[in-house]
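Geometric and topological summary
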Amino acid sequence: MSVPRLGVLALQGAAPAHMRALSSIGCPSAPVRVPDDLDGLDGLIIPGGESTTMSMLLESSGVLEPLQQAVDNGLGVFGTCAGMILASTTIEDGRDDQHALGIMDLTVQRNGYGRQRDSFEVDIDVDGHTFHAVFIRAPRIVSMGADVAVVAHYGSDPVLVREGRHLMASFHPELTGDTRIHEIFVAGLQDSRMQGG
Ligand code: GLN
């Protein structure tokens, strides 16, 4: 199976750590800053950062509409933390001018774990194995569409979810050196290409 062509949105936030994680699993990636950077990509990571700022930068860079078109044409998206907020359909406690790209049928609450738990780390179960998950002012998934599958929970909350070739995480899988969640994203892109979708 050939290596998918990957990009990491690099307008703001944690792009370099994702690029390092991808290259360590044999998948080089390119930063995406302008519309042309999306050309030919199979998958895009939208990293953590600040979703309101990223939303404004998506607009001012002109990447917003081409990104939505690319998703309609089959681009797979892995959104982490702020990236998941941007990729959702409905944002609670967001700013009125903040875009929800509607890539996955999710309602998310920004900073949904509260001020007292601004940042925390927990071990979660991913496919029967422990994954050390770092949450930083993380969004909480409040509800999701029937076609969204839960890959991992924290307590009763879904924190890693997939729908088709898209994957979303409330936490930061790029921070621990454990690349299994990046591998899950890449494998999902490869599966959907094999199915021609
Ligand atoms: N709370 C941030 C936001 O609303 C997300 C934090 C993060 O990505 N670590 O965008």
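Now for a look at the structure at hand. (Residues numbered from 1 in each chain as written. Predicted model: local features only at pLDDT ≥ 70, side-chain atom pairs only at ≥ 80, totals over all residues. Heavy atoms only, no water.)

So, on to the sheet that holds strand E5 (residues 90–92). Paired through backbone hydrogen bonds, the strands of a sheet run either parallel or antiparallel to each other. As summarised here, the arrangement of the 3 strands in space is E5-E6-E9, forming an open sheet in which the pairing is mixed. One side of each edge strand has no neighbouring strand; the edge strands of this open sheet are E5 and strand E9 (140–144). Taking the axes of each pair of neighbouring strands and ignoring which way they run, one obtains an average angle of 25° across the sheet. Direction of pairing for strand E6 (residues 106–109) relative to E9: antiparallel, over a ladder of 4 bridges. (Pairing = 2+ DSSP bridges. Helix = DSSP H or I, 4+ residues; strand = E, 2+ residues; numbered from the N terminus. Axes fitted to C-alpha atoms, helices over the stretch in contact; angles between N-to-C directions.)

A separate point is the sheet that holds strand E11 (residues 157–163). With mixed pairing, the 7 strands of this open sheet are ordered in space as E2-E1-E3-E4-E12-E11-E10. Each edge of the sheet is formed by a strand with only one pairing partner; in this case those strands are strand E2 (29–32) and strand E10 (149–154). Averaged over all pairs of adjacent strands, the angle between strand axes in this sheet comes to 20°, irrespective of strand direction. Note: E11 against strand E12 (residues 166–169), 4 bridges, orientation antiparallel.

Another aspect to go through is the site of the ligand. Every residue lining the ligand is accounted for by Gly-48, Gly-49, Glu-50, Ser-51, Cys-81, Ala-82, Ile-85, Arg-110, Asn-111, Ile-136, Arg-137 and His-172. Backbone polar atom of Arg-137 to a nitrogen atom of the ligand: 3.0 Å apart, as the coordinates give it. Take His-172: an N or O atom from its side chain is 2.8 Å from a nitrogen atom of the ligand. In isolation the ligand exposes 300 Å². Once the protein is present, 98% of that is buried. Residues that form the shell around the ligand fall into these classes: 4 nonpolar, 5 polar and 3 charged. (Near = heavy atom within 4 Å. Polar contact = N/O pair within 3.5 Å; in protein donor to acceptor, adjacent residues only side chain to side chain. Areas by Shrake-Rupley, 256 points an atom, 1.4 Å probe, with all protein chains shown as cover. Nonpolar A, V, L, I, M, F, W, Y, C, P; charged D, E, K, R; others polar.)

By the definition in use, this model includes 5 salt bridges. Two residues, Asp-42 and Arg-5, come together in a salt bridge whose shortest N-O distance is 3.3 Å. Placement of the pair is Asp-42 in the loop between E2 and strand E3 (43–46) and Arg-5 in the segment before strand E1 (6–9), with a sequence separation of 37 residues. The exposure class of Asp-42 is buried, given its relative accessible area of 13%. Where Arg-180 meets Asp-178, a salt bridge forms, and the shortest distance between an N and an O atom there is 2.6 Å. Residue classification places Arg-180 among the partly exposed residues on the basis of a relative accessible area of 25%. (Salt bridge = Lys/Arg side-chain N within 4 Å of Asp/Glu carboxyl O. Buried < 20%, exposed > 50% of the residue type's maximum accessible area, 1.4 Å probe, protein only.)

In terms of burial, strand E4 (residues 76–80) is largely enclosed, as 5 of its 5 residues are buried. Of the two faces of E4, the one carrying Gly-76, Phe-78 and Thr-80 and the one carrying Val-77 and Gly-79 are both buried. Bridge analysis of E3 against E4 gives 4 bridges, and the strand direction is parallel. Each bridged residue has a counterpart across the sheet, and for Gly-43 the counterpart in E4 is Gly-76. As defined by bridge partners, E4 adjoins E12 across 3 bridges and the pair is classed as parallel. Counterpart to Thr-80 in the pairing with E12 is Ala-169.

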